[in-house]
2 protein chains.
Amino acid sequence: MNTTLTNGIEIIKATTSKINEVDFENLSFGSVFTDHLLECDFKNGEWQTPVIKPYAPFLVDPSLRVFHYGQAIFEGMKAYKDENNDIWLFRPDENYKRFNKSAVRMAMPEVPEEVFLNGLHQLLQLDEAWVKKGKGKSMYIRPFMIATGTGVIANPSNDYKFMIILSPVKSYYSGDVKVLIAEHFSRAANGGIGAAKAAGNYAAQFYPTNLANKEGFQQVIWTDDATHTKLEEAGTMNVFFRINDTLLTAPTSERILDGVTRKTLIDLAKREGINVEIRPVLVSELVEAAKNGTLKEIFGAGTAAVISPISGFSYQEVYYELPKIEKSMALELKDKLENIQNKLAEDTFGWTVKI
Amino acid sequence: MNTTLTNGIEIIKATTSKINEVDFENLSFGSVFTDHLLECDFKNGEWQTPVIKPYAPFLVDPSLRVFHYGQAIFEGMKAYKDENNDIWLFRPDENYKRFNKSAVRMAMPEVPEEVFLNGLHQLLQLDEAWVKKGKGKSMYIRPFMIATGTGVIANPSNDYKFMIILSPVKSYYSGDVKVLIAEHFSRAANGGIGAAKAAGNYAAQFYPTNLANKEGFQQVIWTDDATHTKLEEAGTMNVFFRINDTLLTAPTSERILDGVTRKTLIDLAKREGINVEIRPVLVSELVEAAKNGTLKEIFGAGTAAVISPISGFSYQEVYYELPKIEKSMALELKDKLENIQNKLAEDTFGWTVKI
Ligand SMILES: Cc1ncc(COP(=O)(O)O)c(C=O)c1O
Ligand SMILES: Cc1ncc(COP(=O)(O)O)c(C=O)c1O
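Residues numbered from 1 in each chain as written. Chains lettered and ligands numbered in written order. Predicted model: local features only at pLDDT ≥ 70, side-chain atom pairs only at ≥ 80, totals over all residues. Heavy atoms only, no water.

Per an unreviewed UniProt entry, chain A is named Branched-chain-amino-acid aminotransferase, and its organism is Flavobacterium psychrotolerans. Checking UniProt for chain A, the heading Cofactor (unreviewed entry) contains the comment "pyridoxal 5'-phosphate". (UniProt positions renumbered as here; feature names shortened; annotations may be inferred.)

Colleague: Just to check I follow, could you spell out the site of ligand 2 for this structure?
Modeller: Residues and elements named next belong to chain B. Taken together, 16 residues form the shell around ligand 2, and within it Tyr202, Glu233, Val260, Thr261 and Thr303 come nearest. Within the side chain of Glu233, one N or O atom sits 2.4 Å away from a nitrogen atom of ligand 2. Here an oxygen atom of ligand 2 sits 2.7 Å away from a polar atom, N or O, in the main chain of Val260. For ligand 2, whose free accessible area comes to 380 Å², the fraction covered by protein is 97%. Elements supplying a minimum of two residues to the shell around ligand 2: α5 (260-271) and β19 (295-302). Its residues placed into classes, the shell around ligand 2 shows five nonpolar, seven polar and four charged. (Near = heavy atom within 4 Å. Polar contact = N/O pair within 3.5 Å; in protein donor to acceptor, adjacent residues only side chain to side chain. Areas by Shrake-Rupley, 256 points an atom, 1.4 Å probe, with all protein chains shown as cover. Helix = DSSP H or I, 4+ residues; strand = E, 2+ residues; numbered from the N terminus. Nonpolar A, V, L, I, M, F, W, Y, C, P; charged D, E, K, R; others polar.)

Colleague: Whenever I open this one, the relation of the copies chain B and chain A confuses me. Can you help?
Modeller: Relating the two copies of this chain is a rotation about some axis coupled with a shift parallel to it. Relative to chain A, chain B is turned by 180° and slid 0.0 Å along the rotation axis, the superposed coordinates differing by an RMSD of 0.0 Å. Taken together, the rotation and translation describe the operation of a two-fold axis. When the interface residues of chain B are mapped onto chain A, 100% of them again fall at the interface, so both copies present the same face. (Least-squares fit on C-alpha atoms with pLDDT ≥ 70 in both. Contact = heavy atoms within 4.5 Å.)

Colleague: Is there a simple way to think about the site of ligand 1 in this case?
Modeller: All names here are of chain A. The local shell around ligand 1 holds 16 residues, among which Tyr202, Glu233, Val260, Thr261 and Thr303 are the closest. In the model, an oxygen atom of ligand 1 is placed 2.6 Å from a nitrogen or oxygen of the Thr303 side chain. In isolation ligand 1 offers 380 Å² of accessible surface; the protein chains occlude 97% of this area. Of all the secondary-structure elements, those providing two or more residues to the shell around ligand 1 are α5 (260-271) and β19 (295-302). Grouping the constituent residues of the shell around ligand 1 by class yields five nonpolar, seven polar and four charged.

Colleague: Help me out: how do you make sense of the interface of chain B and chain A in this one?
Modeller: Where the parts come together, the accessible area they lose is often given as the size of the interface. Each partner contributes to the interface: chain B provides 61 residues, whereas chain A provides 61 residues. In total, about 4,900 Å² of surface goes out of reach between chain B and chain A, with carbon and sulfur atoms giving 67% of it. Three residues, B:Pro62, B:Phe67 and B:Phe206, lead the burial of chain B against chain A; their summed loss comes to 14% of the area buried on that side. Across the chain B-chain A interface, the total number found is zero salt bridges. At the boundary of chain B with chain A, the tally comes to 23 residue pairs in polar contact (both at pLDDT 80 or more). Looking at the side of chain B that touches chain A, the elements with two or more residues in it are β6 (58-60), α1 (65-69), β7 (72-74), α2 (92-105), β10 (138-147), β11 (160-169) and α4 (199-214) of chain B. For the side of chain B that touches chain A, the element with the most residues is α4(B), which contributes nine residues. Considered class by class, the residues forming the side of chain B that touches chain A number 41 nonpolar, 15 polar and five charged. (Buried area = accessible area lost by both parts, 1.4 Å probe. Salt bridge = Lys/Arg side-chain N within 4 Å of Asp/Glu carboxyl O.)

Colleague: In this structure, what is going on with the pairing of strand β21 (residues 318-321) of chain A? I would like to understand it.
Modeller: Looking along a regular strand, one sees side chains alternate from face to face of the sheet. Residue and element names in this part refer to chain A. For strand β20 (residues 306-315) and β21, the ladder comprises four bridges, and the chain directions are antiparallel. Looking at β21, one finds that Tyr315 is bridged to Val318. Counted along the chain from β20 to the antiparallel partner β21, the turn is two residues long, and its residue Gln316 has a positive phi close to 45°. (Pairing = 2+ DSSP bridges.)

Colleague: In this structure, what is going on with unusual backbone geometry? I would like to understand it.
Modeller: When glycine is set aside, most residues are seen to have a negative phi, and most peptide bonds are trans. Residue and element names in this part refer to chain B. One non-glycine residue, Ala107, lies in the positive phi region at around 55°. Relative to the elements of secondary structure, Ala107 occurs in the loop between α2 and α3 (113-126). On the basis of relative accessibility, which here comes to 15%, the residue Ala107 falls in the buried class. If you check the backbone angles, Asn244 has positive phi at about 50° while not being a glycine. Here Asn244 shows up in the loop between β15 (238-243) and β16 (246-249). On the accessibility criterion, Asn244 (40% relative accessible area) is partly exposed. (Buried < 20%, exposed > 50% of the residue type's maximum accessible area, 1.4 Å probe, protein only.)

Colleague: Would you mind showing me how to read the UniProt feature "modified residue: N6-(pyridoxal phosphate)lysine" (unreviewed entry) in chain A here?
Modeller: Residues and elements named next belong to chain A. UniProt feature "modified residue: N6-(pyridoxal phosphate)lysine" (unreviewed entry): in the numbering of this structure it lies at Lys197. When its relative accessible area of 10% is taken as the criterion, Lys197 is described as buried. In this structure Lys197 touches Ala72, Ile73, Phe74, Glu75, Gly76, Arg98, Ser102, Tyr202 and Leu257, once residues within four positions along its chain are discounted.

Colleague: So what exactly am I meant to see when it comes to the packing of α2(B) against α3(B) here?
Modeller: All names here are of chain B. Where α2 contacts α3, the axes come no closer than 11 Å and their chain directions differ by 145°. Between α2 and α3 lies a crossing whose hand is right-handed. Taking contact as the criterion, the partners of Pro92, Asp93, Asn95, Tyr96 and Phe99 in α2 are, on α3, Glu113, Phe116 and Leu117. By residue class, the composition of the contact of α2 with α3 is five nonpolar, one polar and two charged. (Axes fitted to C-alpha atoms, helices over the stretch in contact; angles between N-to-C directions. Left-handed = near helix turned anticlockwise from the far one by under 90°.)

In structure tokens:
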């Protein structure tokens, strides 16, 4: 075992690489992982020395707290390799801040910047051969934390494990996305954990999403749980609505994840001179705009799919097909964003950070 | 290894027992486990052969679905040993049905009765020496299921693991319980997963409960998330309010767990001729009754603590202390229930099931 200590991180290198076994042209999202991972345990009230080591299974007790009481949070971010073989992160501070915001809400310890950001830098350096060049190719980064204390009592754990795992991905063509507007089910409560990237928020959506899938809809657009009149977000994306030439999107709240892609698109759209309104968007307004032809586009925005154009929505058993658009704002913004992320356009906002 | 197959369950006995290392007079709730556990995996669309085997850690991948998307459910039930050394379960069918109800809501496969109930019978028989006699002593039973597929994509898992672990417990004296009525935070959304025993529901409560603890309150009584005017339930207990000689408790709903102790107490109270009203209970009503002296008792009801009397509540920064009561309904009902569970009183309802 080749073990070194670099900037406070212990590094144990894999003796062989799995990289030659991977078909980088046929990657199914989030299913292939690189040679190494970062691990850092929280014990006796403090974070231990972070370790970068070979990606491998680990042992857990059947009474592991996360299995029983669900203390688990994560982040999703991407790294890109440019033409000079430099690797870039996109707004990593935003993910770091959001991770610790999630940690607080789930009564978990905040992760130090050296562990999260410096750890990520070193991990990406070590597995840099896994980051492939070219638009649409990127390294999906999954930092996460789980409660590793034991015992079946519904209290916050004393022990936690923070990890970063890396999964090379290809651009994600989501196909024709039809959505169902939620009329009964919800993803978040007022005063709940909707704004945290908590594991439990996702499992909660699977059943209603399965029901929607069966009716031919790929995604659900969630509405506020009290009245089901306000459009909120999709499973792993914030949503934008284009009415005439104005982009509308809901304000973030306790119920809605504050997406990095969402805030980035708002800034990009404003720079392009597009009128953006951040305000509650009513279902009734959407239906009205669909009926009178002013609804031009709907799209989801998130790290995994970047921008996902939506072709129509269903509400109260009526399906509203969106018009085929010539000059799609969704695709125009997607192109601008991907060019910045891939260092093909100037990053005037200073969003990209070199590894 | 001594392996046998009994009624479709593979049994691998531990070569030595840990029982002599355990101090049964000093048990901290849910922290000690018996020699064996039951495990059954769901793979390729079907449940595999259940196995009873020594309690031990198991290997998991860092991308285990439950860590990332929170598909995890559980049950909590108890077994009691009577004076003849017979072991009894209390209404196990109720827990079995609720487990599968939770499974459906979390898009997980339902567990067959042979695996859950027959498996539990055989597990308890094997570890019967761990079930101790005497009022207040019992075996806490934790059936649970987790998503064991791998990969970081927010979809339901294909693979699952069902387990039952057993933890001997002593009666749980919760001390003086003061509660805070939730004014901002919530545990469940309309159209959410509040009625499921899903892991994520518990983690969601830790942060607001920590805040309450800091102010000197042991528990939070949750209110409906839309208006915060209706009293719902506590962290792991349903709640009852005694106004004059009437017991009030909220109806179960999508937001509230349908507790076995709750429905048992309703039946017991009715048999005792107590007037029970199952209807929305308003915070304003509680405050009013506390002010005019008609509020006599509040108590929580759940498998772990059985009945937990509450000594006072705080709402809008005002603390309302409950009167010291001579003939407490809470303690009377607790006594009646524990006598049935421990086979010290006749079980006219047919709730107890022999192992
Ligand atoms: C619930 C939810 N909403 C929105 C988003 C989009 O956020 P971001 O743009 O930061 O990826 C995500 C995830 O990534 C999400 O999980
Ligand atoms: C949220 C919640 N409410 C109520 C209860 C009480 O249910 P039971 O009486 O079935 O134990 C429990 C748990 O056990 C619970 O977790």
